[in-house]
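A structural walkthrough
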Amino acid sequence: MLLKKSRLFPKSLSTSTTSLYWRDQIKQNQLVCQISSLLLQRHNWVPLLRPLGLSSKLTPSLLVQILHKTQTNPQVSLNFFNWAQNSIGFKPDIKCRCHLIRILIESGLFRPAKLIFDSLVETNPPSVIVDSVIIACKGTDSQSVIFSFVMECYSNKSLLWEGLEAFGKIRICGHLPLIRGCNALLDLLQKDDRNQLAWCFYASMLRNGLSPNQYTWSIIARLLYKNGKTERIVRLLGFGICNSVIYNIIIDFYCKNRNFEAAFDHLNEMDTQALNPDFNTYSTILNAASRYERADIIPKIINSMVEKGLLPGLLSWNFDIIIQKCCDSLKTYAADYFFKRALDEIVKVHDASYGCMLRALSKEGRVTEAIKVYHDIMEKGKTVNNSCYSAFISSLCKEDLSMDVSKLVMEIIERGFRPSASELSKYMNSQFDKGRWKEAEDLLNLTLEKRLLPESLNCSALVEHYCSNGRIHLAVELHDKIEKLECCLNVETYNVFLKGLFLERRIEEAIRVFDYMTSRNNINSESFTIVISQLCREKRLREAMNFHDEMLKLGLKPDKPTYKRLISGFQ
């Protein structure tokens, strides 16, 4: 009898555990229903949720269920999601976020969906995100739309490789995004000049059964143009594939090759196809005609633009509008034509037009003309937007080095305009490469004075130059400026600097520099070896031993031969 009871005990225990599990499930379901009902039926649901103690009860699994029950009102789902994060400190996992993204996209709420997706991209690889999206879309027919959204988000953030990885994962899992999402990634590849990769991706799109649309053909036309295959673009027209983008590319090609007759033929074809050529199309022809000084074509195309309502009838009253519109589309030769015409006709050109000319010429790489406009701005006391000066100085930094350009770059920085750190650094590097150390030194000192932060390589190159020429005092002065800006050199340069300081027996300065290196976590085994060995030579053994112990603590012990030589200095 006792034996039978003992055999029954585990069974009763198992039954009890199962019973507890089902009770918890029932309670959770009741909680989900209660919360969902409050959210959907009450406008002011926040005070009604507080007594439920959700800060300790809400789990990712419960949230997914609540989102599912409230998805008929996606704004309510989003509001509860945000409230849970901000008010009770809830940390939603990737599954919760993907479920909410699906709900929002199905309802056309793309903006909040994008914000949530951006937070996922920062911490999760594409494969994990795609897996979670597949789970979130289970039982729905919105997979293609959601995957298209994923592709577009990666493309809009210029995350090229992540977008390709996501596409591969989606395809492996047996799904496909819409053509729109693939177009976004294909366009990013084209804009990034990854032409070969773009063709491979396009081939993959076709192999997986995606049919190109008009936007796809526009991207393909741009790729063909970059590859010098203009005749194939013309062939697309023969196949009945035509849109404004394709025609504009062909017209631009003929204009650059001074074949204006063919350009006008295709312009007339656009009218026949009811494609309505716009300002960009006409201004392409006008830009080329202005560039090649075709006095026979300029009046003809201007008259056509006036007839189409693309230019005002009274040009002299509207030169500023026309100049700025041409500059916005980077038709700089056309803008220059109207700019000079306005000056010849003694029509006042507003300051904004000078700024637009400066910016457009700079972006187009017409630096000589941009410099002339800049001098006009200075001489006439014109006031232009800072972005115009930024574009100008960026173009100067890309220009071949000359004394005039160097002086101009410094003049603009002295006036308070800030070039991008990368452009400025490239310019300094080119000065270093050509041995123009004095100009580079003056420019670097000016940028540090203005609290601009060039890349550390610039400062490192100059410090190494000072050290190699025995001008340690200048290296010290430069490092003091860098330190004030809380920047640092690369560790290799620091090691050269330390050797130079010890060579000139500037021991205290060397230790101070080493302490700064340590504070910036910018040291290596060689740094310690230099300091320890030099302190041993100076018979400052206690300090050397302290640095030795710190080196071992940080795990920066050198190789055996080096370490053997190092500790021999303590004997």
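On a predicted model such as this, the values are computed, not experimentally measured, just so you know. (Residues numbered from 1 in each chain as written. Predicted model: local features only at pLDDT ≥ 70, side-chain atom pairs only at ≥ 80, totals over all residues. Heavy atoms only, no water.)

1. Topic: the overall build of the protein chain
- When helices and strands are tallied, the protein chain shows 33 helices and zero strands.
- For 571 residues, the compact-globule estimate of 2.2 N^0.38 gives 25 Å, and the C-alpha radius of gyration of the protein chain, at 34 Å, exceeds that figure by more than 25%.
- Dimensions of the protein chain, computed from the C-alpha atoms along their principal axes, are close to 115 × 85 × 50 Å.
- Within the protein chain, buried positions represent 46% of all 571 residues.
- Expressed as a percentage of contacts within the protein chain between residues at least 6 apart in sequence, the contacts between residues at least 24 apart total 63%.
- Counting every atom, the protein chain has about 29800 Å² of accessible surface; 51% of that belongs to carbon and sulfur.
- Counting 73 positive and 61 negative side-chain charges, the protein chain places the centres of these two groups 11 Å from one another. (Helix = DSSP H or I, 4+ residues; strand = E, 2+ residues; numbered from the N terminus. Rg over C-alpha atoms; globule rule 2.2 N^0.38 Å. Buried < 20%, exposed > 50% of the residue type's maximum accessible area, 1.4 Å probe, protein only. Contact = heavy atoms within 4.5 Å. Areas by Shrake-Rupley, 256 points an atom, 1.4 Å probe, with all protein chains shown as cover. Lys, Arg positive; Asp, Glu negative; His and termini not counted. Charge placed at Lys NZ, Arg CZ, Asp CG, Glu CD.)

2. As for the packing of aromatic side chains
- Applying the stated criterion to the full structure yields 17 aromatic pairs.
- On the numbers, 5.3 Å between centres and 85° between planes, the contact of Phe-514 with Phe-547 is edge-to-face. Of the two residues, Phe-514 sits in helix α30 (residues 507–519) while Phe-547 sits in helix α32 (residues 541–553), which places them 33 residues apart along the sequence.
- According to the relative accessible area criterion, Phe-514 is buried, its value standing at 0%.
- A relative accessible area of 9% places Phe-547 in the buried class.
- Put simply, the rings of Phe-110, Phe-117, Phe-149 and Tyr-154 pair up and form one aromatic cluster.
- The aromatic ring of Tyr-333 is capped on one face by Arg-366, whose charged end is 3.7 Å from the ring centroid.
- Here Lys-557 stacks its cationic end above the ring of Tyr-563, 4.5 Å away from the centre of that ring. (Phe/Tyr/Trp six-rings, centres within 6.5 Å; stacked < 30°, edge-to-face > 60°. Lys NZ or Arg CZ within 6 Å of the ring centre and 35° of its normal.)

3. Observations concerning the nonpolar core
- Ranked by size, the top nonpolar core spans 183 residues in total, and within it Leu-49, Phe-80, Phe-201, Ile-285 and Phe-338 carry the most contacts.
- At eight residues, the largest contribution of residues to this core is made by helix α6 (residues 94–106).
- When near neighbours in sequence (up to four residues on either side) are disregarded, Ile-285 contacts Ile-251, Cys-255, Phe-260, Ala-263, Phe-264, Leu-267, Ile-297 and Ile-301. (Core = buried A, V, L, I, M, F, W, Y, C linked by side-chain atoms within 4.5 Å.)

4. Quick word on the packing of helix α15 (residues 244–256) against helix α16 (residues 260–272)
- Orientation of α15 relative to α16, taken along the N-to-C sense of each, is 165°, at an axis distance of 8 Å. Accordingly, the angle class assigned to the pair α15 and α16 is roughly antiparallel. Considering only the axes of α15 and α16, their crossing is left-handed. Residue-level contacts link Ser-244, Tyr-247, Asn-248, Ile-250, Ile-251, Tyr-254 and Cys-255 of α15 to Phe-260, Ala-262, Ala-263, His-266, Leu-267, Glu-269 and Met-270 of α16.
- Of the residues that constitute the contact of α15 with α16, the class distribution is 10 nonpolar, three polar and one charged. (Axes fitted to C-alpha atoms, helices over the stretch in contact; angles between N-to-C directions. Parallel < 35°, antiparallel > 145°, perpendicular 65-115°, else oblique. Left-handed = near helix turned anticlockwise from the far one by under 90°. Nonpolar A, V, L, I, M, F, W, Y, C, P; charged D, E, K, R; others polar.)

5. Examining the environment of Val-234
- The topology assignment puts Val-234 in helix α14 (residues 230–238).
- Remark: the alpha-carbon pair of Val-234 and Ile-246, spanning 12 residues in sequence, is separated by 8.5 Å.
- In this view, Val-234 contacts Ile-250 and Tyr-254; residues no more than four positions away in its chain are not counted.

6. Topic: unusual backbone geometry
- Of note, Ser-158 is a non-glycine position whose phi angle comes to about 60°, a positive value.
- Since its relative accessible area comes to 51%, Ser-158 is described here as exposed.
- Residues other than glycine seldom take positive phi values, yet Arg-258 does so here, at roughly 60°.
- You can see Arg-258 is positioned in the loop between α15 and α16.

7. Overview of the pattern of salt bridges
- Per the stated rule, a full pass over the model turns up 24 salt bridges.
- Between Lys-169 and Asp-131 there is a salt bridge, and its shortest N-O distance comes to 3.4 Å. Within this pair, whereas Lys-169 is found in helix α10 (residues 160–172), its partner Asp-131 is found in helix α8 (residues 126–136), the two being separated by 38 residues in sequence.
- On the basis of relative accessible area, Lys-169 is assigned to the partly exposed category, the value being 22%.
- Between Asp-252 and Lys-256 there is a salt bridge whose closest N-O contact spans 3.3 Å. In this pair, Asp-252 and Lys-256 are both assigned in helix α15, four residues apart and thus about one turn of the helix distant.
- Residue classification places Lys-256 among the partly exposed residues on the basis of a relative accessible area of 48%.
- Residues joined by salt bridges that share partners form a network here, namely Asp-336, Lys-340, Arg-366 and Glu-369. (Salt bridge = Lys/Arg side-chain N within 4 Å of Asp/Glu carboxyl O.)

8. What about the environment of Arg-50?
- On the secondary structure map, Arg-50 appears in the loop between α2 (46–49) and α3 (54–57).
- Taking the C-alpha atoms as reference points, Arg-50 and Ile-88, 38 residues apart in sequence, are found 9.5 Å from one another.

9. A word on the environment of Val-476
- Tracing the chain through its elements places Val-476 in helix α28 (residues 472–484).
- In this structure the C-alpha to C-alpha distance between Val-476 and Val-513, which are 37 residues apart in sequence, comes to 9.2 Å.
- Setting aside anything within four residues of it in sequence, one finds Val-476 in contact with Phe-497, Leu-501, Arg-506 and Glu-509.

10. So, the side chain of Thr-230
- Relative to the helices and strands, Thr-230 resides in helix α14.
- By relative accessible area, which is 5% here, Thr-230 ends up buried.
- In this structure Thr-230 touches Leu-224, Tyr-225 and Phe-253, once residues within four positions along its chain are discounted.

11. A word on the layout of surface pockets
- Considered as a void within the structure, the largest pocket measures approximately 570 Å³ in volume.
- Forming the walls of the largest pocket are 21 residues, and the residues nearest its centre are Tyr-225, Asp-252, Lys-256, Thr-284 and Lys-331.
- Those elements that provide at least two residues to the lining of the largest pocket are α13 (214–226), α15 and α17 (279–291).
- Classifying every residue of the lining of the largest pocket by side-chain character gives eight nonpolar, six polar and seven charged. (1 Å grid on protein atoms, 1.4 Å probe; cavity = no way out; pocket = protein on both sides within 12 Å on 5 of 7 lines; lining within 4 Å. Points joined across faces, edges and corners; volume = space filled by probe spheres on them.)

12. Describing the confidence of the model for the protein chain
- For the protein chain, per-residue confidence averages 87 on the pLDDT scale, and residues scoring 70 or more make up 93% of the total.
- Looking over the protein chain, one finds the lowest element-wise mean pLDDT in helix α1 (residues 2–41), namely 66, and the highest in helix α11 (residues 179–191), namely 96.
- The model gives residues 1–9 a pLDDT under 50, and that stretch makes zero contacts with residues more than four places away or in other chains. (pLDDT = per-residue confidence, 0-100.)

13. Brief notes about α17
- The end-to-end C-alpha distance of α17, which contains 13 residues, comes to 18 Å, matching closely the 18 Å that a straight helix rising 1.5 Å per residue would cover.
- A large share of α17 lies buried, amounting to 11 of its 13 residues.
- Restricting attention to buried positions, one finds in α17 the residues Phe-279, Thr-281, Tyr-282, Ser-283, Thr-284, Ile-285, Leu-286, Asn-287, Ala-288, Ala-289 and Ser-290.
- In the core, the buried residues of α17 are packed alongside α15, α16, α18 (298–307), α19 (319–328) and α20 (332–344).
- Between a side-chain oxygen at the N-terminus of α17 and the backbone nitrogen of Asn-280 the separation is 3.2 Å; the capping residue is Asp-278.
- Glu-293, located one to two residues past α17, shows a positive phi value of around 55°. (Expected span 1.5 Å × (residues − 1). Polar contact = N/O pair within 3.5 Å; in protein donor to acceptor, adjacent residues only side chain to side chain.)

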